[in-house]
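Descriptive analysis of the structure
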Amino acid sequence: MLSEPSIGICILTYNSSTTIPYTLHFLLRQNYPKDKIFYLVVDGGSNDNTVEIVKNILSKHTINYQIIVVPHSNIPQARNICLDMLVRKNVSYVIFVDSDILLVPTNILSEVIKVAKQHPYAIIGANRSLKSFKDEQSMYSYINSLVTKEMKINIKLQDLKPTLCSGMDFTVIPFELAKKLRFNEKLNFREDRYYTMEAFKNGHTTFTYKIPDGVIDVNIVKEAKSDLYWRLSVREYFSDIFAKSLVEIIYVLGCGEGLKYRNLFSFIVKHCGNFFFFLSPFLAVLAAIQYNILLSILFTFIRIISLLGYVTYKHIQGYPTKKAIQNRLKFELFSVLLLFLTPETIPKAVRIHRLFKKHIAFTALS
């Protein structure tokens, strides 16, 4: 029997103490040869006990691992640290596993590597099942029901679906790609989808597969302390706005599955609504200048009601009022900029989609 290739598993953490013990539990019970795995945990400077939990769990096993703490690092920076370190270790595959992902089948690592060997230049990603819970107790109750579950799978080539953009929840990247392509560090969100799009430009197709309740993303309904979009400053949120807008349009259009113009229309209508809310106070002032008091009152009322509704909704989830207002305005301004960029981003996204479809059709024939 041929020896299995070496793999490097990278887990990014930030205040992940509620889920990381279970993520590690399901990883450590995999049947893949332990001497072929290197675990790398990159923490962004957690202010809870995430790092201590990780150290305590990993130190009890005879495995190769390293924990790196890089305060204030964003997600793409942490991903690039993983790529750099694991490429230096000369692993055959880099595998990203999110800190809230549960790999329930005990042979899923073996199966995904089996498929990766058959597609040596491809990214192989899982479409995860999302499970949200109102509190920790209900989440833990669900996870504990999975701990004793015996599940094995068989991933077949026909299960793989080509895609133009994918997340990194549980994703395999071959050494050749890991060596030459880095994540865009200005993209503090959507960096994963942008990476797979850039991988396509570099000759590497991404394939995804779906295992019902096999790759599970568990989380508690968002709180302010763990909400990525909430934590980002205005400067961070708008960094490389063109790339973020482009990948948003590509995703809305279907990620290569066919141009879904109806989705694009709904997407634009939604952002036009945010644009209108953002403009409403300026429209109120303009109406007042023109002595149209009723119209001015109407625009003012729309602005107050839209903010009040959002702040109330977020307050229920534990978000402070002042920060809720600031973030609402940040999101609305993002919509404004995104709409202004659509004359450039939509044609480019359509061109990339068509190139991808031609590529898939050609590879299918060959």
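Residues numbered from 1 in each chain as written. Predicted model: local features only at pLDDT ≥ 70, side-chain atom pairs only at ≥ 80, totals over all residues. Heavy atoms only, no water.

Named according to an unreviewed UniProt entry, the protein is Glycosyltransferase family 2 protein originating from Ignisphaera aggregans.

With respect to the overall build of the protein
Across its full length, the protein carries 13 helices and 11 strands. For a compact globule of 366 residues, the expected C-alpha radius of gyration is about 21 Å, and the protein comes in at 23 Å, within 12% of that figure. In terms of overall dimensions, the protein has a C-alpha envelope of 85 × 50 × 35 Å along the principal axes. Per-residue burial for the protein yields a buried fraction of 51% across its 366 residues. Taking contacts inside the protein between residues at least 6 apart in sequence as the whole, the part at least 24 apart equals 85%. When the accessible area of the protein is evaluated, it comes to approximately 17900 Å², of which 59% is carbon and sulfur surface. Both charge centroids of the protein, one from 44 positive and one from 29 negative side chains, sit 4 Å from each other. (Helix = DSSP H or I, 4+ residues; strand = E, 2+ residues; numbered from the N terminus. Rg over C-alpha atoms; globule rule 2.2 N^0.38 Å. Buried < 20%, exposed > 50% of the residue type's maximum accessible area, 1.4 Å probe, protein only. Contact = heavy atoms within 4.5 Å. Areas by Shrake-Rupley, 256 points an atom, 1.4 Å probe, with all protein chains shown as cover. Lys, Arg positive; Asp, Glu negative; His and termini not counted. Charge placed at Lys NZ, Arg CZ, Asp CG, Glu CD.)

Looking at the packing of helix α1 (residues 20-28) against helix α5 (residues 136-147)
The contact between α1 and α5 brings their axes to 12 Å, and the two run at 10°. Our classification of the angle between α1 and α5 gives roughly parallel. The residues of α5 that touch α1, namely those facing Y22, H25 and F26, are Y140, I143, N144, L146 and V147. Residue classes in the contact of α1 with α5 are distributed as six nonpolar, two polar and no charged. (Axes fitted to C-alpha atoms, helices over the stretch in contact; angles between N-to-C directions. Parallel < 35°, antiparallel > 145°, perpendicular 65-115°, else oblique. Nonpolar A, V, L, I, M, F, W, Y, C, P; charged D, E, K, R; others polar.)

Focus on helix α4 (residues 108-118)
For α4, the buried fraction is high: eight of the 11 residues fall into the buried class. Within the sequence span of α4, burial applies to I108, L109, S110, E111, V112, I113, V115 and A116.

A look at a nonpolar patch on the surface
A cluster of nonpolar residues, F301, I304, I305 and L308, forms a patch on the protein surface that exposes about 400 Å² of accessible area. Inspection of the secondary structure assignment puts L308 in helix α12 (residues 293-316). (Patch = residues over 30% accessible without salt bridge, like charges linked within 9 Å, V, L, I, M, F, W, Y side chains within 5 Å. Salt bridge = Lys/Arg side-chain N within 4 Å of Asp/Glu carboxyl O.)

Focus on the UniProt feature "domain: Glycosyltransferase 2-like" (unreviewed entry) in the protein
Within this numbering scheme, the UniProt entry marks residues 9-157 as carrying the feature "domain: Glycosyltransferase 2-like" (unreviewed entry). Helix makes up 37% of residues 9-157 and strand 24%, whereas the separation of the span's terminal C-alpha atoms amounts to 23 Å. (UniProt positions renumbered as here; feature names shortened; annotations may be inferred.)

Comments concerning the nonpolar core
Formed by 52 residues in total, the largest nonpolar core has its most connected members in I7, I9, I95, L102, I124, F170 and Y209. When residues no more than four places from it in sequence are discounted, the contact partners of I95 are I7, G8, I9, C10, L109, I113, F170, T171 and V172. (Core = buried A, V, L, I, M, F, W, Y, C linked by side-chain atoms within 4.5 Å.)

Structural notes on the state of the cysteines
A complete count under the given rule lists two disulfides for this structure. Through a disulfide, C10 is tied to C82; the S-S separation comes to 1.7 Å. With C10 in strand β1 (residues 7-13) and C82 in helix α3 (residues 75-88), the pair connects residues that are 72 residues apart, well separated along the chain. Both residues of the pair, C10 and C82, count as buried. (Disulfide = S-S within 2.5 Å.)

Considerations on the sheet that holds strand β2 (residues 37-43)
Overall, mixed pairing links the eight strands, which are arranged β3-β2-β1-β4-β9-β6-β10-β8 in an open sheet. Bordering the open sheet on either side are β3 (64-69) and β8 (161-163), each of which pairs with just one other strand. Each strand of the sheet is rotated relative to its neighbour by a mean of 25°, with strand direction disregarded. Examined bridge by bridge, β1 and β2 share seven bridges and lie parallel to one another. For C10, the partnering residue across the bridge sits in β2 and is L40. (Pairing = 2+ DSSP bridges.)

Remarks on helix α2 (residues 50-58)
Every buried residue of α2 is accounted for by T50, V51, I53, V54, I57 and L58. The buried side chains of α2 occupy one side of the element, clustering within an arc of 160° when seen end-on. Packing partners of the buried residues in α2 comprise β1, α1, β2 and β3. (Arc of directions from axis to C-beta.)

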